[in-house]
Amino acid sequence: MKDREESSGSSGSTTNNPNGEHEPPREINIRPFSSVPSSPRNASSKYDFVKVKVWLGDADHYYVLSRFLVCRMLTVTKIPNHVAVKIALELKKLLIDNSLLDVSQKDLETSLFMLMERRGYGKEYVNRYNMMTKFHHQRVPLVILVCGTACVGKSTIATQLAQRLNLPNVLHTDMVYELLRTATDAPLTSTPVWTREFASSEELIAEFCRECRIVRKGLAGDLKKAMKDGKPIIIEGRHLDPSIYLMNDENKAPSNDPDKSSRKETNSSGDVTSPEEASSSNTKETEEEPHSQAEAMTTSVEEELSEKVTQCKIDEETVKEAEEKRKPADGSGKAKSGPEPIVISIVLKMAEFDHKALLEEWISSRTCGDKYTSKEKERLITNLKTIEDYLCSFNSQGVTVVNISATTFPQTLDWLHNYLLQRIEEGIRSSENETPAKEEVLKKA
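So, here's what we can say about the structure. As the structure is a prediction and not an experimental result, all values here were calculated from the model. (Residues numbered from 1 in each chain as written. Predicted model: local features only at pLDDT ≥ 70, side-chain atom pairs only at ≥ 80, totals over all residues. Heavy atoms only, no water.)

### Looking at the sheet that holds strand S5 (residues 170–172)
Strand pairing in a sheet is mediated by backbone hydrogen bonds. Such pairs are either parallel or antiparallel.
Phase 1: In spatial order, the strands read S5-S6-S4-S9-S10; together these 5 strands make up an open sheet with parallel pairing. Two strands lie at the open edges of the sheet, namely S5 and strand S10 (400–404), each paired on one side alone. Adjacent strand axes in the sheet meet at a mean angle of 20°, parallel and antiparallel pairs treated alike.
Phase 2: In this structure, strand S9 (residues 342–350) lies alongside S10, joined through 5 bridges in parallel fashion. Along S10, the bridge assignment pairs valine 347 with valine 401.
Phase 3: Against the sheet, helix H15 (residues 374–392) engages S9 and S10, with an angle of about 140° to S9. (Pairing = 2+ DSSP bridges. Helix = DSSP H or I, 4+ residues; strand = E, 2+ residues; numbered from the N terminus. Axes fitted to C-alpha atoms, helices over the stretch in contact; angles between N-to-C directions. Contact = heavy atoms within 4.5 Å.)

### Some remarks on the sheet that holds strand S2 (residues 62–64)
Phase 1: Sheet architecture is open: 3 strands sit in the order S2-S1-S3, paired in mixed fashion. Lying at the two open borders of the sheet, with one neighbouring strand each, are S2 and strand S3 (102–104). Adjacent strand axes in the sheet meet at a mean angle of 30°, parallel and antiparallel pairs treated alike.
Phase 2: Note: strand S1 (residues 53–55) against S3, 3 bridges, orientation parallel. Following the sheet pairing, lysine 53 is matched in S3 by aspartate 102.
Phase 3: The sheet contacts of helix H4 (residues 105–118) involve S1, S2 and S3, and relative to S3 the element is tilted by about 85°.

### Topic: the packing of aromatic side chains
Phase 1: Under the counting rule described, the total for this entry stands at 6 aromatic pairs.
Phase 2: Where tryptophan 55 meets tyrosine 62, the ring centres are 4.8 Å apart and the plane angle is 50°; that geometry is what we call tilted.
Phase 3: Relative to tyrosine 419, the ring of tryptophan 415 lies with its centre 5.2 Å away and its plane at 5°, an arrangement referred to as stacked. Taken together, the positions of tryptophan 415 and tyrosine 419, both in helix H16 (residues 409–444) and 4 residues apart, correspond to about one turn of that helix.
Phase 4: Owing to a relative accessible area of 43%, tryptophan 415 belongs among the partly exposed residues under this scheme.
Phase 5: Tyrosine 419 gets classed as buried once you look at its relative accessible area, which sits at 13%.
Phase 6: An aromatic cluster is present here, built from Phe208, Tyr390 and Phe394 joined pairwise through their rings. (Phe/Tyr/Trp six-rings, centres within 6.5 Å; stacked < 30°, edge-to-face > 60°. Buried < 20%, exposed > 50% of the residue type's maximum accessible area, 1.4 Å probe, protein only.)

Structure follows, in structure tokens:
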């Protein structure tokens, strides 16, 4: 019985003619690849198996077209991700169906812009695409700082902006803080600064700034690489002091330079006093205070100044290294006019009621949350509020303060995306305007 079934089963593939000879097996009709329905979950396409070479200018260099990279560049221009995926697939299909397996960069962009306009993304989006292409080709140094206290959405905002702007490098100061604390002899404690008890808010801010400067030294290598190689980077965390990263126009040094900040002092009434008046008033106050307090203040001021001078040296070394790299290889010694770095500082804050609710939930979810008493919780929230007010005070110096809310989070993210594109465009325009002037100065020199 079994032999009969096997013989009947095998008769479907071969047949015997009257002479007893075996005929070849019958051909099975298979639908072509294009007619095979694909699962909606499968993001691949038959066009992904065909390579399209994109040639760069007149040089003998090319790259293989990638739908993924095209899609990422389109999302930078604020085209929705699902539409960008469709445009990238249509571009690959258009080239392959027309047997354009070798295409120039210019022809590729012409076809891409045509598909964008067909879907309603016209001149505005094309200009953004060209602007970001120029940004990457010129390797403009870009540093984006996302500052704020705990539970305001720094990591979420930084990750979302990195995805939208196609920036793969995101640094977290919390990780740098822990590495410096455990792997080096840096004067950092395991207890966060906002959980400690201070006599005044000034002492809290002074300690916060001291820890921020130490973390800044830990970020020196990544910042140097960003300035030298034009590597965009996003830094987020609770140990970011905008005053350390603010750059002036004269020497690209921090705006809190001790030599410059000591030239002008402001009294309690808000009037600017001269250095002589400030020194005389300080002398009178120190004469009235005990000598022990004066010595303590002098020591703390000296330590703070030494840290600031060290910070200035680090920034000067960063600028010098960037200038050294811009020098041509002919040994002329004249530095090339490269793009100026773009440093964008953003401070995130939240409504007091919402922030307090998130902080209480954050404290209770921590492993050591049960150790906090109600008084300690109030002190922690008060300290974070003090630090937030300090960070928001830099709004007058050009730092952008953004209010975060759960109900308007998508709109806030869209606004930040557009704001960063505007800042990048302004930075590229300013560098282009400064380049002719620098070249004339170098020619005269």
